[in-house]
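A look at the structure
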Amino acid sequence: MARFIKKHKQEIGLSPDALYFRGKKKIDKVLLRVIDFDAENLEENPVHTVKEVLKYKDKNTVTWFNVDGLHNEAIMEEIAQGFKLDRLVLAEVMDTQSRAKVHEYANCIYISIKMLQQDEQTNTISVENLSLIVTETVLISFQEKKGDVFEPVRERIRNQKKRIRNSGTDYLAFALLDIVVDNYIYIISILGDKIEDLESNLLLNPNQKVIDEINAYKRELNFLRKNINPAKEMILTLSKMDSDFITEGSYIHYKELLDNINQAMESSDSYREILSDQLNIYHTTISSRLNDIMKFLTVFSVIFIPLTFIAGIYGTNFDVVPELHYKYSYFIMWGVMIVLVVVMLIYFKRKKWL
Amino acid sequence: MARFIKKHKQEIGLSPDALYFRGKKKIDKVLLRVIDFDAENLEENPVHTVKEVLKYKDKNTVTWFNVDGLHNEAIMEEIAQGFKLDRLVLAEVMDTQSRAKVHEYANCIYISIKMLQQDEQTNTISVENLSLIVTETVLISFQEKKGDVFEPVRERIRNQKKRIRNSGTDYLAFALLDIVVDNYIYIISILGDKIEDLESNLLLNPNQKVIDEINAYKRELNFLRKNINPAKEMILTLSKMDSDFITEGSYIHYKELLDNINQAMESSDSYREILSDQLNIYHTTISSRLNDIMKFLTVFSVIFIPLTFIAGIYGTNFDVVPELHYKYSYFIMWGVMIVLVVVMLIYFKRKKWL
Amino acid sequence: MARFIKKHKQEIGLSPDALYFRGKKKIDKVLLRVIDFDAENLEENPVHTVKEVLKYKDKNTVTWFNVDGLHNEAIMEEIAQGFKLDRLVLAEVMDTQSRAKVHEYANCIYISIKMLQQDEQTNTISVENLSLIVTETVLISFQEKKGDVFEPVRERIRNQKKRIRNSGTDYLAFALLDIVVDNYIYIISILGDKIEDLESNLLLNPNQKVIDEINAYKRELNFLRKNINPAKEMILTLSKMDSDFITEGSYIHYKELLDNINQAMESSDSYREILSDQLNIYHTTISSRLNDIMKFLTVFSVIFIPLTFIAGIYGTNFDVVPELHYKYSYFIMWGVMIVLVVVMLIYFKRKKWL
Amino acid sequence: MARFIKKHKQEIGLSPDALYFRGKKKIDKVLLRVIDFDAENLEENPVHTVKEVLKYKDKNTVTWFNVDGLHNEAIMEEIAQGFKLDRLVLAEVMDTQSRAKVHEYANCIYISIKMLQQDEQTNTISVENLSLIVTETVLISFQEKKGDVFEPVRERIRNQKKRIRNSGTDYLAFALLDIVVDNYIYIISILGDKIEDLESNLLLNPNQKVIDEINAYKRELNFLRKNINPAKEMILTLSKMDSDFITEGSYIHYKELLDNINQAMESSDSYREILSDQLNIYHTTISSRLNDIMKFLTVFSVIFIPLTFIAGIYGTNFDVVPELHYKYSYFIMWGVMIVLVVVMLIYFKRKKWL
Amino acid sequence: MARFIKKHKQEIGLSPDALYFRGKKKIDKVLLRVIDFDAENLEENPVHTVKEVLKYKDKNTVTWFNVDGLHNEAIMEEIAQGFKLDRLVLAEVMDTQSRAKVHEYANCIYISIKMLQQDEQTNTISVENLSLIVTETVLISFQEKKGDVFEPVRERIRNQKKRIRNSGTDYLAFALLDIVVDNYIYIISILGDKIEDLESNLLLNPNQKVIDEINAYKRELNFLRKNINPAKEMILTLSKMDSDFITEGSYIHYKELLDNINQAMESSDSYREILSDQLNIYHTTISSRLNDIMKFLTVFSVIFIPLTFIAGIYGTNFDVVPELHYKYSYFIMWGVMIVLVVVMLIYFKRKKWL
């Protein structure tokens, strides 16, 4: 199946605000969860309907409303109406195929980014879409399945002394994006470890398995870059955006985020170059090894060719072959052959062919 | 015939407003069709002359006037005069060779884009030029032949509840462009499927057919990119254009379109890299296979060379060859030969030449 | 001789306004020609001296003054003084080596562009410098030799109904540049035809001639791009220039011109990629063909090696070789050999070495 | 271990102002050092606590406070509070993994850059993070370990006549960055020496060692560029920054710095190209050498093949082989063989195969 | 020695205004020379001390003060003080290692550029640094050694009618830069001649010498580009600079200069591509030639293999080999062999292996 882009015939020509789920359903029931906090208070509740969340909407606190599962159109509809969001925003949330982006709407910012995770079993990188809707007091996050990497943020929220308790939804959004980007770097650094480990293997034991690994890593790096690059563009846009929903103090964080993701891209570039160097080294090693073998074998054959010829000469049945009848002819032949071999060996040695 | 650019001698030096059809005639008779609508009313009529359409021109409704077939200069002339358009615009419509573009005129915007379609039979991508003229109340679309991909838009228009019924010509233009771009993505995703399927074939059974396929896909991707890239530029221009004919609310849609087409380009880049990786893998596989064969054959020959030499020695007709007369000489020779073979096999095994 | 850049020692350090002819003299006598027109009137005269032209200078009509041959300094001097042009402008005209450019002077715009023509005999592309000096009422064009491609423009001028009769010198300049660019596209499209034709030849009959052709086309494309790229930059500058000598209505034409030249560049890019793909295909085909031959020959040799060895064994002259004396030994030897060959053939077949 | 990027699982999701040391501890005890000066006075003291330094803070002199060792959170905390710096700044200081950057804060500029040093023993380039915090009167520099390259700056400070005594913290920061960049150039110039020395070796004695060296240099250049490129961006930002902490007169210095680092990048580009040329030359030399050997050996074998065949013919035991019984047959055979060899040698010579 | 960048340990950390000579001393005694002129008067004197020059400083004429030799700090000091220049400017003059640049100071513009010269003996390009200090009435030029390429400018100055006599120091600076750039073009055009001449040689006689030449030209082109590229940037800056020292009328000249240097860069690009094509052609030719040889030799061997086998068969000493005793066996054997050879030759011919 096409890994980089997917489009089903029936999706062509849909209205841009159609609440149509594009992607693979990864969870059965949609899960809702709310954390509401300001500097002093903290409320953390599992909720079952969108309605329960709406009461937080007009409070002056920061409300983080997380939704796991995107396939339920009814719930999306409820959210759109409850939070007075354009249906376009929710339509974008339901399209898990789109690239990372940030769109500014009248009463919210819509952010989407790919969360990447190393799948330990298949050794490939799995991808999940994260959508954030940032309004003045509410941050709604949408994930494709249960279980996430945001526990450290929740921990920081629970800890009253942390900066996050005194900041708004824009800082919370930053904290979530920060973890996503940290995971990019973590994955690249793991991949980088493996790539650098490969090097020693490459010279010691250059075989088909190594080359398959190199190609697999190349593919993973490609896939990573394909996902990180739009994220970089998105964060660049965000860090330059002049929006009411981003407070002055947050820009420094978004800039820092940009530095991090730039570093991730540059490192993945470096690893790409290393991989291509490794491929070259592999080919050089293999071919020089083959050359050595062929050279040795050829030289070996060449040495025997005149010897066999001489033996052939004295295997002829001519009536008159004077040499055949001297007493020491046979031994002289051996002598001549040995001298020939020695001369050839010296010659080849001098020419550095051996 | 040159697939990427065409120019006939007689086209050189034509006046830019000459209504001269440049392209291949794909339909005999020009077909006209009109849909006129606003939030409440809908009128959908086949029409036979341009005159019948003009009555919609000054109504406040949105009029979608579709023209199939571009070769009839008289009709183009009528449209130019009927809708008070610069002849340059119609001249541009008639040039099916030009790249995707958007030009702003005093009383309209001219948009052209390539519609791509996978031709199932020849397995190549066919291309058709779509031109849109957007005025305040009328959208005129020009296609090269009958039959199009815009049925979903007509369906949405017929459905009173859809956003399209409440929007202007700019949104209608977006809806058409959206389908064109969706088709780009669809074609790339189909091509991508095929390319990714190739991979397993490549390792199992690397033959000339695979390489021909890779080259064919490369050519198709090239052709795609050659057409999509100008479309991307065009949509970028459109999304930044400060025109009276585009309402504030439409920009978000054009931006979304830009995201989509960017994704298409990036994916095609990824597939291009995959194809070039596949080519490399193919060559590596083929050459390592050949190397193995040659190594084996050479080693095989080398083993027999000293044996044949020994046999040659004892085929000589010297009067005095002492070994010939011992009773077990022949068997000793066999023994020596077998030992030699074993020693060589061990040596080659150790050197990993076998 | 250096095709891409030329500089003679004596040209170093010349004053920038020195009227020094840099190039190859392609015509003996300088030819002058004037067309003077407005919407109603048209005058078309061969003239012999610059003085005859000056009378048109202050008329309100559009005057197109064409000069064939650049080597006559006296005439250049006369033009400079007659039309009150900076000597720098004429010095630029006389430098046929320079790249396409547009320079704005106080009372004129100076435009230079390379005219390319397919030389049917040598099958290479010949180049000629075209310089245009655009003032408010006069357009002076300079060509290196007699005979040009501008006849269609003259035809349009003679035809009273054409747009060109109602426009100024800027539109006339556009019309000339348009033909030059059309010729670029024409040449690329011819080259493209040849390149695409090559493809079938490539697979059927890959020989040195094909590769020479590919390299020749590559060189021609390079040469084309080297000349078209500055023209593109020049037209881009022109289309953004805020000059008194370009009327508002002309910008749309210059933009269209830019689209065309962009398309030319993109197509030449595509053909470049195709050529480099073709080179790869050629090498792959050639090397896979060679591999097949070598594999076959090696397998053939390998089959005979053990047979010859066996024959060698029974050619030895040992006193005791029991096999020699059995009645059917010779026939058994033949049998063993045939079995051996069959076994080896089956083995090689299975291994897909044959 | 991944050399280009590192991320530990426990670092994911940390608050951006967490004073968490990311890196390898290279020193046990944090060392502090202060130089305080203006045009007339100079005070240079080792200090043991941050508190001792604070007294300089509000003096009008320039204070250079150097900190060796970044792992002590308590000291960082003290510095943050003592100099009233945002905790974010100190958090950035403690992250030795980040790329070179400059961030503007309300009351300071934060600059970080990588110091590179040729490690003579391992022949690789070691890297150390340098952070500078520039306020109006204080420059705080942070290094990872004891011992630095800034002694020349200290010397210039001690010398009353130097420009540095009359300038502010911005000039001092420039002086430090200047040394860092000078070291970049120094390292590249040393590497460049080695690379250019390689060339002669390459043609004389192309062996595996040379290729390993080329690959090692390539890796080092890659590593260099990976570190210098962000530094370049950083200095570019700095040279365009409109900050209160940089006086008008300093911009010329930052521009000069930018020129230097650009030159460093360009030179490293040149060396990269040279390395890749050298790789090509190596492969060409090796393969042409191998070709010569194989050609010679093959020609050698080919010469013996017909000779051995002739000898074989007269080794047959047919009852009737007339040639066998002529008296001079044996010698004629020798003659024929010699003639054959000569003919073949001449043929091969003519064909330039020998 | 590193050709692209040089840095000595002792240069690290020098104050930016240290008058420290960085480079190779190419002249023993510093030579001074003055030309002072305006439209009417001209004074041209050899001078021995800086003091003699100062009298021209405040005159309203244009003074061109040329200094050959940069190693004398005392003279530099004198110039700095005499002309009231920032010591930074003179420090820059003394650094011959820096790249081409332009820096604007309060009372002057500092320009540096590399003068390139084809060294006829070593066939490499030698480089010399040219520094210009442009003030309102004085142009000071610094060269590393005696003898220059500026004689044509002096000639133009001596000739009262030339534009240079009516222009200021900015035009004089342009005239000098113009000659430097003309020399760039001259060198490239000479190199280009050689490269294009190579082509015919390449196909006729592809040997190691040709490839060494290609690599040498590549290196020279690289070196050229390394020096011309910063010059291009410098001239671009100059042509956009809004400085008091450049009069309105000079910008057209700087723009022209930019065109020229752009053309130089583009041509060197073209030649680079040609060189890389030539390398490819060389490799293709060489490898196709080798393939032909190997194919011929292999086919030759293969033909003898079955013949030798047959001879071997009838060399066996079996008691019963019926064929041995027929009278015509020997001749039949010859017949069979000849038939075999003919069949094989036909087969190989058909397969196009010969």
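Reading the values: the criteria
Residues numbered from 1 in each chain as written. Chains lettered and ligands numbered in written order. Predicted model: local features only at pLDDT ≥ 70, side-chain atom pairs only at ≥ 80, totals over all residues. Heavy atoms only, no water. UniProt positions renumbered as here; feature names shortened; annotations may be inferred. Helix = DSSP H or I, 4+ residues; strand = E, 2+ residues; numbered from the N terminus. Buried < 20%, exposed > 50% of the residue type's maximum accessible area, 1.4 Å probe, protein only. Contact = heavy atoms within 4.5 Å. Buried area = accessible area lost by both parts, 1.4 Å probe. Salt bridge = Lys/Arg side-chain N within 4 Å of Asp/Glu carboxyl O. Polar contact = N/O pair within 3.5 Å; in protein donor to acceptor, adjacent residues only side chain to side chain. Least-squares fit on C-alpha atoms with pLDDT ≥ 70 in both. Nonpolar A, V, L, I, M, F, W, Y, C, P; charged D, E, K, R; others polar.

Under an unreviewed UniProt entry, chain A has the name Magnesium transport protein CorA and belongs to Arenibacter nanhaiticus. Turning to chain A, the UniProt annotation filed under Function (unreviewed entry) states: "Mediates influx of magnesium ions. Alternates between open and closed states. Activated by low cytoplasmic Mg(2+) levels. Inactive when cytoplasmic Mg(2+) levels are high."

1. Some thoughts on the environment of Leu70(E)
Residue and element names in this part refer to chain E. Its location among the elements puts Leu 70 in the loop between strand E3 (62-68) and helix H2 (73-82). Leu 70 gets classed as buried once you look at its relative accessible area, which sits at 2%. Sequence-distant contacts of Leu 70, that is, excluding residues within four places in its chain, are made with Phe 21, Met 76, Val 93, Met 94, Thr 96, Phe 142, Gln 143 and Glu 144.

2. Considerations on the interface of chain D and chain A
The interface of chain D with chain A comprises 62 residues on the first partner and 60 residues on the second. Between chain D and chain A the total buried area reaches about 5400 Å² when both faces are included, carbon and sulfur atoms providing 62% of it. At the boundary of chain D and chain A, one finds eight salt bridges. Across the salt bridge formed by Asp17(D) and Arg163(A), the nearest N and O atoms sit 2.8 Å from each other. For the pair chain D and chain A, the interface holds 23 residue pairs in polar contact (both at pLDDT 80 or more). Elements represented by at least two residues in the side of chain D that touches chain A include exactly helix H3 (87-94), strand E4 (101-104), helix H6 (208-240), helix H7 (251-313) and helix H8 (329-350) of chain D. If you tally residues by element for the side of chain D that touches chain A, the top one is H7(D), at 13 residues.

3. Brief notes about the relation of the copies chain D and chain A
Of the two same-sequence chains, chain D is brought onto chain A (RMSD 0.1 Å, axial shift 0.1 Å) by a rotation of 72°. Both chain copies can therefore be described as sitting about a five-fold axis. No C-alpha of chain D lies nearer the rotation axis than that of Gly315(D), which sits 4.5 Å from it. Interface overlap between copies is the fraction of interface residues in one copy that are interface residues in the other; for chain D against chain A it is only 10%, indicating separate surfaces.

4. Here we look at the arrangement of the chains
With no contact between them, chain A and chain C keep their nearest C-alpha atoms 9 Å apart. Looking at chain B next to chain D, you find no contact at all, with the nearest C-alpha pair sitting 9 Å apart.

5. Points about the interface of chain E and chain C
Each side of the interface is counted separately: chain E has 60 residues, and chain C has 62 residues. Summed over both partners, the interface of chain E with chain C comes to about 5400 Å²; 62% of that surface belongs to carbon and sulfur atoms. For the pair chain E and chain C, the interface holds seven salt bridges. The tally of links from chain E across to chain C stands at 23 residue pairs in polar contact (both at pLDDT 80 or more). Of all the secondary-structure elements, those providing two or more residues to the side of chain E that touches chain C are helix H4 (151-158), helix H5 (169-204), helix H7 (251-313) and helix H8 (329-350) of chain E. A breakdown of the residues in the side of chain E that touches chain C according to their chemical character gives 28 nonpolar, 16 polar and 16 charged.

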